[in-house]
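Chain by chain, the residues:
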There are 2 protein chains.
Amino acid sequence: MRREVIPYQWEALNDRVEGAAPSYCMRNFRVAGRMMREKKSKGAAYVAPTYTFRGFEALPEDPAHPEEDKFYGFVFQDTDFSKWIEAVGYSLLQHPDPVLEQTADEAIDIVCGAQLENGYLDTYYIINGMDRAFTNLRDHHELYCLGHLVEGAVAYYQATGKDKLLKAAMGFADYCCEVFGPAEGQCKGYPGHEIAEMALVRLYQVTGEERYLKLSRFFLDQRGQQPFYFEEEEKERAAHDGQPYRPNTNNAYHRAHLPVREQAEAVGHAVRAVYLYSGMADVARLCRDEAMEAACDRLWDNVTREKMYVTGGIGATHMGEAFSFAYDLPNDTAYSETCAAIGLVFWARRMLQLKPRGKYGDVMELALYNTVLAGMALDGRSFFYVNPLEVLPRACHEDARKAHVKSVRQKWFGCACCPPNIARLVSSVAAYAYTESADTLWVHLYMGSVLTKQVGEKTLELQVEAGMPWEGKVKVKVHGEQVPCRLAFRIPGWSSGAKVSCCCGGEQLQIAVEEKGLAVRGIPEAGSTEEGGRMPQKAVAYREGYLYLDGVWQDGDEILLDMEMPVRILTADPRVREDIGKVAVARGPVVYCLEEADNGKDLYLCRLALQSLNPENIQEEIRIERTQELGHPMIVLKMPGRRLVPGESRELYSPCQPQQEREITLRMIPYYAWNNRGEGEMSVWMRA
Amino acid sequence: MRREVIPYQWEALNDRVEGAAPSYCMRNFRVAGRMMREKKSKGAAYVAPTYTFRGFEALPEDPAHPEEDKFYGFVFQDTDFSKWIEAVGYSLLQHPDPVLEQTADEAIDIVCGAQLENGYLDTYYIINGMDRAFTNLRDHHELYCLGHLVEGAVAYYQATGKDKLLKAAMGFADYCCEVFGPAEGQCKGYPGHEIAEMALVRLYQVTGEERYLKLSRFFLDQRGQQPFYFEEEEKERAAHDGQPYRPNTNNAYHRAHLPVREQAEAVGHAVRAVYLYSGMADVARLCRDEAMEAACDRLWDNVTREKMYVTGGIGATHMGEAFSFAYDLPNDTAYSETCAAIGLVFWARRMLQLKPRGKYGDVMELALYNTVLAGMALDGRSFFYVNPLEVLPRACHEDARKAHVKSVRQKWFGCACCPPNIARLVSSVAAYAYTESADTLWVHLYMGSVLTKQVGEKTLELQVEAGMPWEGKVKVKVHGEQVPCRLAFRIPGWSSGAKVSCCCGGEQLQIAVEEKGLAVRGIPEAGSTEEGGRMPQKAVAYREGYLYLDGVWQDGDEILLDMEMPVRILTADPRVREDIGKVAVARGPVVYCLEEADNGKDLYLCRLALQSLNPENIQEEIRIERTQELGHPMIVLKMPGRRLVPGESRELYSPCQPQQEREITLRMIPYYAWNNRGEGEMSVWMRA
C-alpha cells in the first residue's frame, strides 16, 4: 500500500497514469480554488456561476484539452481525494514518510482552497453554480462527498495531528447541520449514497461534538418516511425546470421505501446498502437503539444467508450494482463489487462493536481475504471493480450481457471508487483485527502486530505472530505488570477445532475448543494432577465464537493458539440454482479457484473426483503445496479431477451416452490471486 | 389462424385490442393517404413536409390523443399490415371467406391510397418528409417494408387473383430498381434489415420480370463490399446535419463486414441473418451460384452445429437480438426470438429447394413444432417474442437482466413482428411440407393434406393422412392414371427406423429403413419367394434422409410409412456450458419441458432418475400418456425423478454432505404448450 498503491493513486488523481481513464479529481479542486480566489479578489463585483451542468458524468469534448473552468468526471469525483487522504493517514500512522506527508499537505491546501466561506465543499456545485446545491440529494451525492471528506480528514488528523483538513470537514459538516434537521425551514432530506451516517459518528467520536451524532441519526430517522423525500425533491426539480413531473424514483433501490428500523431485506445498490447498515450499527450502539439493532440483525441474516457469494462478495446484479432476490447468485454475471465487500467489512466490524459474535468475524475475514483482495493485482497496480466467480474471457469480449465483467484488471476507472477504497481498508486493517471495551480486548483477525491497550492506568502490550491465512498457529506474547484484562480470541467457523495453551500470571492451562467451538475443555497439564490446570477454570469461557481468557497478565505470559485448518469442500444451499451439483474448495478463510493457466482452457469440462467426501479422505486426497506466485508466498491445492472429452459427433444434440472423461490433476490457487498471470478462464465452483 | 388469429390481428392493427400496445399501422396508412389526397387537391400549391422525426419509434405525448398528422410506431410499422395480408392470402387460398376478403380489399385500398406517384410506399417518410428517404438504409428499414409488402401482395394475388396490391408492390419495387443499381448515379446500398432479397425473388417468380431477381442479386453482391455502405451513409447523414462524423456502425452486426459469399459464421441480428441466408439460398439456386451455395452450406452448419437451441431456437442474446458466440446458449436469458425460428424455417425450405437433405427437413420440423408454435398460446390470442428454455417468473420480474424474458405471453407488441409472422408461416405451412421438381415430389413434413402435382400433362393426386407429431404412421393414397413420378419421403433424424409398405402400379414392396435411415432393405412380401417383392428394387433408393420411390402410379396405389418414435434423452455437446450434466427429453419432433403446474415450484431441484440410458430401458421407464390440455390433444410423458430436499441448515454454504432427495414422478409436456395454465416455472433441460 505505502510503496505502490498510494503513490500510484496520487498519479491517477492527477491524471498522470498513461492508458488509464483520467480522474480530473485534483484538477476540479484547483479549478474551484481558482474561482474562489477570483471571487475574493473581485469582491462584490463577482457573479457566482449559475448551475448549468446536468447529468452524472462530464467528460471533455476533446480529452486532450479539457476546458479550463469546467468540472469533469462524476458528480462525486471529490471523493477520489478523500479516500486517498484517508489511506495516506492510515499509512503514516504505521510508517512515517515525510515526502508523502508533504505531498498530502499540499493536496490538502488545494482542497481547502476550494471551500466556500459557509463551509460548503463540493467542487461539482462550486464550479457549476451553487444556486442548485442540495436539490438532488438522490443522485448528486453531495452528502456522500461530505462523508468521505470527514473519513479522510479524521484519519489524517489521527495520524499527523494536523487539523487543517479536519477543520474543513467540520466546516462542511457544520454547514450541513444548519441546512438539514427537524426544525422548520430545515431540509428533511438524506443521502442518496449513504456514508455520511457512519462518517458523522466518527467525527462525533473524534471531536466530542454531539451535533454530528444528531445529524447522523436525523438522516437515519428521516430515511423511508412519507412523503418520500426523493420524490418531493424530484417534483421540485420538475417545477423548477418547468417540466411535467414524471416520477422516476425507485425508493427501494435507495432503501428509502421503509423506515430503516422496519427494514428486513437488503435491497438496491449493494455498496450504499452496507454503508447504510454500518451507520445504523454505529447509531444502534451509541444510542442504545434496540429497534435499530434488531433491524441490523435482520439485515445481516438476510445478506449472509440469502445474498452473499461464497467469496464474501455481495450484489449479484450489475443492473444498478444491486442485490438481486434471495438465492439469485449467478457466478458468471456476478457483480460482487469490490466496494461492496469492503462495505460488508465495515458493517461486520461495527456489528462486532455492537456485540461480539463469531459470525461477524467470519464474514469479515471471508470478504477481506477473498473479494477485497481479489479487487487488486498482486503488484497493487491494477484493479477489479467487478469480481465474478466464473470467467470465460471470450464471453466478456463477445457477449454484451457480460460487458461489466472484465477479464483483466484495469489500471483505473472513471468511477474510481474501488481502488482507493481498497487502499483505505487495507491500510487500516488493524482497526478490523481488534476491538476493545474498557476491560476486554477482542482479537478478530490474526496477523503480525504489536498493540497496546490501556486498562485503567496500566498498559498491556501484546505481540502477535501469526501464519494466517496459511496456517492456524498464533503466538501472543504479553508484556505488562499485573494488568487485569479479558482477552477474547475468535475461533473461526472454518476451523474444525483449536488447541490453546495459555500461560497467565505464570499459571498454565491447556484448552481444547471442539466441534466448531461449541465446547471448551480444560486439559490438565502433563504432570499436573489438577483438572483444568492451575489457571482457574472460571476464567475461561467460550461464547458465540470467542474464547475468553480472563486474567491478570504479566511479562512472560503467552498464549498459543493452534486452529485446525482442513481443506473444506463446500456446497451451496440448493436454492442457489447456479451452484447445484457443484462444489467450492476452501482452506481457512481462503477460497480457491481453478485458473486456465494451471488447468487449460474450457474449465467447465473439469470436475472434482474425490473417492469420498469424508473429511479425512479429503485431507488425504488433496495435496497442499507451499509455493510462490509472482513472488508472493501462498498455498496451492492439488486434487484428483476428471475432464470431459468432447465426442466425435459434430451434432449439437444427440442421444445421451456415457461421457468420455480423462483423469487429470486439478490445481487450485487462492481466489484473490487469480488473473495475475495474464488473461484466462477462472472458476470458483466446479462440478463434483 | 383463420378463425382466431387473423381477425384478432386485424383488431390489433387498428388499435382496438384493449390492454395491448397500439400498432398505429393502419392509422399511419390513413394519415399518409389523407396527405396524398390533400396534395392532389392542392396541386402545385402543396408543399411536401420536410423530414423532421428522428429515431426508431414515435409514440404520442398523450396516448389517448395521438396527433392527427403524425406517424406513430416503429419506422417499419407498415409491415404489420403486410404480414397480416400475407396470412390472409394463405388463409383464403385454403378457405374462401368473403367477409375476410372484403376487409382485406378495404385495407388494400387504404394502403394503396398512401402510395406516392413514383411508386414509393413507406408511410414513415411519406408522413415525415420525403427529402430524407433512403438516407438511412441501416436503421430505417424502407427496403424491409418493400420486402414485406411484396410478400404480402404476392400471397394475396395468388389467393384471389386480385392484383391491386401486387401492382402497388411492383410500383415500389420498380422505383427501387431505378434508385438502386450498379449504374452511375444509382445508390449502392442494401437493406439494413434483410427480406427484400427473398421477396424480390418471389416477385420475379410470379411476374417473370428479371429486373427483380437482378435487384435481389445486386443487394447480395453489394453487401460487405468496401467502402462499407452503412458507414458512407452515416458520414453523409453527419454532414447533412452539420455534425462531426462519429462512426457508429457495427458491420458484422449487419452481416455487412464481408462479401456474403465469403461469410462462414452467423453473426449479428438473428432474424435478419436467416432472412439474408434465405435470399442467398434463393439466388444460389436460381442463378446456379456455387460460391453463394457454398456460403449457405457453411452458414447452415455453423448455425445448426454451434448456435441453435435444442428447440430449434436461434439468437442466444437479447443484446441486439443476436447470435452469441459458438456454443454460448444460455437457457434462462435466451432470446430465441419467434421470428428467428420462423426465419430458420424459411431458410431450411430454401435449402431443401437447393438440394434435398434430411438435415434441412429435420431442423425445419424442429423449429416449427417447438419454438414457432411456442410463440403463440394454444388459443392463438397471446404471443411470445422471446422463447427461453428455462423460466423462473420471479427472475423475470425482479432481475432486470431477464427483463426481456416474459413469464406470460403478451397480447401484442409495439414491435409486432412475431404474431403476424407466425400467422403467415402457419397459414402457408403446406409450402414447407412439400417441394417439387418436374418429375419429383418431396414430402418433408407429414400432415393431413390433399395435393396434386402436374407431371407433363398428367395429374397425380395424393391424399395424406398422418398422426404427427404424436405418431409416426403415415398413409398416402394415390389417385392418377399411370402417372410416372418419383415420390420422396423424409425419414426424420429422430426416428430410429421406418417400415414402409408401398403399392405401386399394383405391385407390393416392403421396405425397412434402419439405423437412422442409413440402410434400405427390401423385405419379401409374405408368401412371395422373390427377394425385394415385385416392385423393382432399383426403383427404391435412400439418399441423405429421403426415401425415393420411383414408379408409375395409378388409382388404388398406397404408401404406408411407419416411423419409430421412441422417447429420446438428449445431451448437448459439452461445449454448451449451460447444459453440462443435464438432459432434454424429446419424442418425434416434439421437445418436452417441465412446468410448475405439473411438478411444483423450484424445478431446478428436480432431476431425471432413470435406471439406465439404454434405449429399451428409456421406453420402459417413461410412460406415454395421451391427454387433452385446454382442449388440445397431446402426448405427455411421465418418468421417475428425484427432488432435492433443502437441508435444515440456514447456512448458505456448508461442508459437502450427501444431499437428501425424495422420489417423484416428473410430468413433461410439449415445450410448445407451456404457459397455457397461468404463470409458472418452466425448464427444458434438467439434471440427470
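What you see is a predicted model, and the numbers here were worked out from it, not measured in a lab. (Residues numbered from 1 in each chain as written. Chains lettered and ligands numbered in written order. Predicted model: local features only at pLDDT ≥ 70, side-chain atom pairs only at ≥ 80, totals over all residues. Heavy atoms only, no water.)

1. Considering the overall build of chain A
Of regular secondary structure, chain A possesses 20 helices and 25 strands. Overall size of chain A, expressed as C-alpha extent along the three principal axes, is 90 × 80 × 50 Å. Across the 688 residues that make up chain A, the buried fraction comes to 61%. For chain A, restricting intrachain contacts to residue pairs at least 6 apart in sequence, the fraction spanning at least 24 positions comes to 69%. Looking at chain A as shown, the accessible area adds up to about 26,500 Å², and 48% of this sits on carbon and sulfur atoms. In chain A, the 78 positive side-chain charges and the 97 negative ones have mean positions that sit 1 Å from each other. (Helix = DSSP H or I, 4+ residues; strand = E, 2+ residues; numbered from the N terminus. Buried < 20%, exposed > 50% of the residue type's maximum accessible area, 1.4 Å probe, protein only. Contact = heavy atoms within 4.5 Å. Areas by Shrake-Rupley, 256 points an atom, 1.4 Å probe, with all protein chains shown as cover. Lys, Arg positive; Asp, Glu negative; His and termini not counted. Charge placed at Lys NZ, Arg CZ, Asp CG, Glu CD.)

2. Points about the relation of the copies chain B and chain A
Placing chain B over chain A gives an RMSD of 0.1 Å and needs a rotation angle of 180°, together with 0.0 Å of translation along the axis. Such a combination of turn and shift is consistent with a two-fold rotation axis. It is Arg401 of chain B whose C-alpha, among those of chain B, lies nearest the rotation axis, at 4.0 Å. An overlap of 100% is found between the interface residues of chain B and their copies at the interface of chain A, pointing to a shared contact surface. (Least-squares fit on C-alpha atoms with pLDDT ≥ 70 in both.)

3. A few points about the sheet that holds strand β5 (residues 440-443) of chain A
Residue and element names in this part refer to chain A. Read from one edge to the other, the open sheet built from 5 strands follows the order β4-β5-β9-β14-β13, with strand pairing classed as mixed. The open sheet terminates on both sides in strands that have one partner only, identified here as β4 (434-436) and β13 (540-543). Strand-to-strand twist across the sheet, computed as the mean angle between neighbouring axes with direction ignored, equals 20°. Of the pairings in the sheet, the one linking β13 to strand β14 (residues 546-553) comprises 4 bridges and is antiparallel in character. The residue bridging Ala541 from the neighbouring strand is Tyr548, located in β14. (Pairing = 2+ DSSP bridges. Axes fitted to C-alpha atoms, helices over the stretch in contact; angles between N-to-C directions.)

4. A closer look at the pattern of salt bridges
Per the stated rule, a full pass over the model turns up 104 salt bridges over all chains. A salt bridge links Lys473 of chain B to Asp562 of chain B, with the nearest nitrogen and oxygen atoms 3.8 Å apart. On the criterion of sequence distance, the pair formed by Lys473 of chain B in strand β8 (residues 473-479) and Asp562 of chain B in strand β15 (residues 558-563) is long-range, its members being 89 residues apart. Overall, the relative accessible area of 32% leaves Asp562 of chain B in the partly exposed class. Beyond isolated ion pairs, a larger network of salt bridges with shared partners links Glu595, Asp598, Glu629, Arg667 and Arg677 of chain A. (Salt bridge = Lys/Arg side-chain N within 4 Å of Asp/Glu carboxyl O.)

5. A short note on the interface of chain B and chain A
At the junction of the two partners, chain B supplies 57 residues and chain A supplies 58 residues. Between chain B and chain A, a total of about 4,900 Å² is buried, with carbon and sulfur atoms accounting for 60% of that surface. When the buried area of chain B at its contact with chain A is split by residue, Arg401, Leu652 and Tyr653 of chain B rank highest and sum to 18% of it. The interface formed by chain B and chain A includes 2 salt bridges. Salt-bridge contacts for Asp328 of chain A lead to Arg401 of chain B; the nearest nitrogen and oxygen are separated by 3.2 Å. Looking at the side of chain B that touches chain A, the elements that each hand over two or more residues are α13 (290-306), α16 (393-398), β16 (567-572) and β22 (653-655) of chain B. Top element by residues in the side of chain B that touches chain A is β16 of chain B. It accounts for 4 residues. Residue composition of the side of chain B that touches chain A, by class: 30 nonpolar, 7 polar and 20 charged. Here 3 bridges tie strand β22 (residues 653-655) of chain A to β16 of chain B, and the two strands are oriented antiparallel to one another. In the strand pairing of β16 of chain B, Pro655 of chain A is matched with Leu570 of chain B. (Buried area = accessible area lost by both parts, 1.4 Å probe. Nonpolar A, V, L, I, M, F, W, Y, C, P; charged D, E, K, R; others polar.)

6. Brief notes about helix α8 (residues 164-179) of chain B
Residue and element names in this part refer to chain B. Here α8 is 16 residues long and its end C-alpha atoms lie 23 Å apart, about the 22 Å a rise of 1.5 Å per residue gives. If you check which residues of α8 are buried, you get Leu165, Leu166, Ala168, Ala169, Met170, Phe172, Ala173, Tyr175, Cys176, Cys177 and Val179. If you follow the buried residues of α8, they end up packed against α3 (79-94), α4 (98-112), α7 (142-160), α9 (196-207) and α10 (210-222). (Expected span 1.5 Å × (residues − 1).)

7. Points about the packing of helix α1 (residues 5-13) of chain B against α3 of chain B
Residue and element names in this part refer to chain B. Direction vectors running N to C along α1 and α3 enclose 160°, while the axes themselves pass 11 Å from each other. Judged on the interaxial angle alone, α3 and α1 are roughly antiparallel. As α1 packs across α3, the resulting crossing turns out to be left-handed. Contacts from Ile6, Gln9, Trp10 and Leu13 in α1 reach Asp80, Phe81, Trp84, Ala87, Val88 and Ser91 in α3. Along the lines of polarity and charge, the residues of the contact of α1 with α3 split into 7 nonpolar, 2 polar and 1 charged. (Parallel < 35°, antiparallel > 145°, perpendicular 65-115°, else oblique. Left-handed = near helix turned anticlockwise from the far one by under 90°.)

8. Digging into the nonpolar core
All names here are of chain A. Counting 237 residues, the largest nonpolar core has Phe81, Trp84, Phe180 and Ile559 as its most contacted members. Among the elements that line this core, the one with the most residues is helix α14 (residues 338-354), at 12 residues. Apart from the residues within four sequence positions on either side, Phe180 is in contact with Phe134, Leu137, Leu143, Gln186, Cys187, Gly189, Leu215, Phe218 and Phe219. (Core = buried A, V, L, I, M, F, W, Y, C linked by side-chain atoms within 4.5 Å.)

9. A word on the sheet that holds strand β13 (residues 540-543) of chain B
Residues and elements named next belong to chain B. With respect to topology, 5 strands assemble into an open sheet ordered β4-β5-β9-β14-β13, the strand pairing being mixed. The strands lining the two open edges of the sheet, one partner per strand, are β4 (434-436) and β13. Between one strand axis and the next, the sheet turns through 20° on average, direction left out of account. Where helix α15 (residues 358-374) meets the sheet, it contacts β9 (483-490) and β14 (546-553), and its direction lies at approximately 60° from that of β9.

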